[in-house]
Structures are given as C-alpha cells and as structure tokens.
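Results of the structural survey
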Amino acid sequence: MVLGENHKTISKKDTLNTKIQAVCVMNDHGGFLEKWKINDLLEDYIPKETTIWFWTKYCSTKDLDGDGYIDPIIVYGTRTEYDEIRRVKIITIYKNKKYVIRAVECDLDDCRSFKKDQNWNTLPQKIKTYVNQLTEKMRKEQDLLLKNG
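An account of the accompanying structure is given in this report. What you see is a predicted model, and the numbers here were worked out from it, not measured in a lab.

**Some details on the sheet that holds strand S5 (residues 31-41)**
Pairing is antiparallel in the open sheet, where 3 strands are placed in the order S1-S4-S5. Two strands lie at the open edges of the sheet, namely strand S1 (2-5) and S5, each paired on one side alone. Within the sheet, the average angular offset between the axes of one strand and its neighbour, ignoring direction, is 20 degrees. Of the strand pairs in this sheet, strand S4 (residues 19-28) and S5 are connected by 10 bridges, and their pairing is antiparallel. Among the inter-strand pairings, glutamine 21 is bridged to a residue of S5, identified as asparagine 39.

So this is what it looks like as structure tokens:
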C-alpha cells in the first residue's frame, strides 16, 4: 500500500498538497495486481481549501476482524485558507470494497455534515467498533465535531 501526496508548495512553515492518491497492489504470479485505489483533490469550498493530506497517525493496517487479512483504514483531511480543518474522510477497505465516512467541519450547523456510506452496516461489528473508537479519538485530539448539524 502506497500513500502519495503532491507537494505543490513547500515553504519553511508547511508543505501544501493539492491532491492525494493511495494505491494497494499485491504480488500475484510474478507481477503486481492493483487491488484498489483512492484519489482526491482540493474542492471549491468557501473558505477555500489550501491543502489535503493523509493523517497517517490515524491510518491503520491491522487485521481487525481476525480473518488473517489486513483491513486498511485510510484517513485524510483538508485545511482551509484560515488554517481550519474542512473535510475529513475515513475510508475502510474490507474485502477490496470501500466503506467511506465523509465529514465536513463547519462552525454553522447548516454547512456541517457527517455521512456513512449506505453499505456501512454490512461491515463486521469489530471493524465498525474500531472505526467508531477512532472517530472519538479524532474528535478529542483534533477538536473536531464530526457530526451532523
């Protein structure tokens, strides 16, 4: 699994990225087979998003359900021109399918959102519990709301 960020602007203070990509490949019969891919980039929000990056301290490559295969959790977010977190995505890969939580942070109730994919409840309970605990940890450590209105 490879996580990539383009370093669009590099300054003494920070590195700003405009797009990210995650790719998982598996060695298969002497070659590499792409299992899944994630792409994202800055969106036209007001206030303007200025950077997108992987939150590697929240990403995981553990076998959460005990079946002998890792269940990757990929977390990334964006920051605005006012240095505030804007979007957060938590993507769980289970049996090569993506299960996504999409959140938009905002001080106003009308522009805040927290949505789980429709297929979220089909995940094993151990994985859902892990992601719920991770979400709580992110709320505390990053001072995020991660909830609707």
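Back to the write-up after that little detour.
**Considering the packing of aromatic side chains**
In this structure the tally under the stated criterion is 3 aromatic pairs. Here tryptophan 53 and tryptophan 55 contribute two aromatic rings whose centre-to-centre distance is 5.6 Å and whose plane-to-plane angle is 40 degrees, an arrangement assigned as tilted. Residue class for tryptophan 53 comes out partly exposed when judged on its relative accessible area of 23%. A residue is classified by how much of its surface remains accessible, and tryptophan 55, at 5% relative accessible area, is buried. Seen in terms of ring centroids, tryptophan 55 and tyrosine 58 are 6.1 Å apart; in terms of plane orientation they differ by 55 degrees. Their pairing is tilted. Through a chain of ring-to-ring contacts, the aromatic side chains of Trp53, Trp55 and Tyr58 assemble into a single cluster. Its guanidinium or amino end placed over the ring of tyrosine 45, arginine 86 lies 4.3 Å from that ring's centre, counting from NZ or CZ. Of note, arginine 139 hangs over the ring of phenylalanine 114, and the distance from its end group to the ring centre comes to 5.8 Å.

Reading the values: rules and limits
- Going along each chain's sequence as written, the residues are numbered from 1 onward.
- Two thresholds apply to this predicted model, a pLDDT of at least 70 for residue-level local features and 80 or more for giving and counting side-chain atom pairs, whereas whole-chain, interface and lining totals are computed over all residues.
- Based on all heavy atoms of the structure, the side-chain values leave hydrogens and waters out of the count.
- For two strands to pair, DSSP has to find at least two bridges joining them.
- What counts as a helix is a DSSP run of H or I of at least four residues, what counts as a strand is a run of E of at least two, and both are numbered from the N terminus.
- Orientation is described by axes fitted as lines to C-alpha atoms, over the contacting stretch for helices, and by angles from 0 to 180 degrees between their N-to-C directions.
- Any two of the Phe, Tyr and Trp rings considered here, Trp counted by its six-membered ring, make a pair once their centres fall within 6.5 Å; the pair's planes then place it as stacked at under 30 degrees, edge-to-face at over 60, or tilted in between.
- Relative accessibility thresholds used throughout: buried, under 20% of the residue-type maximum; exposed, over 50%; partly exposed, between the two (1.4 Å probe, protein chains only).
- To sit over a ring, a charge needs its Lys NZ or Arg CZ within 6 Å of the ring centre and within 35 degrees of the ring normal.

Take it as geometry only, folks, not as evidence of what the structure does.
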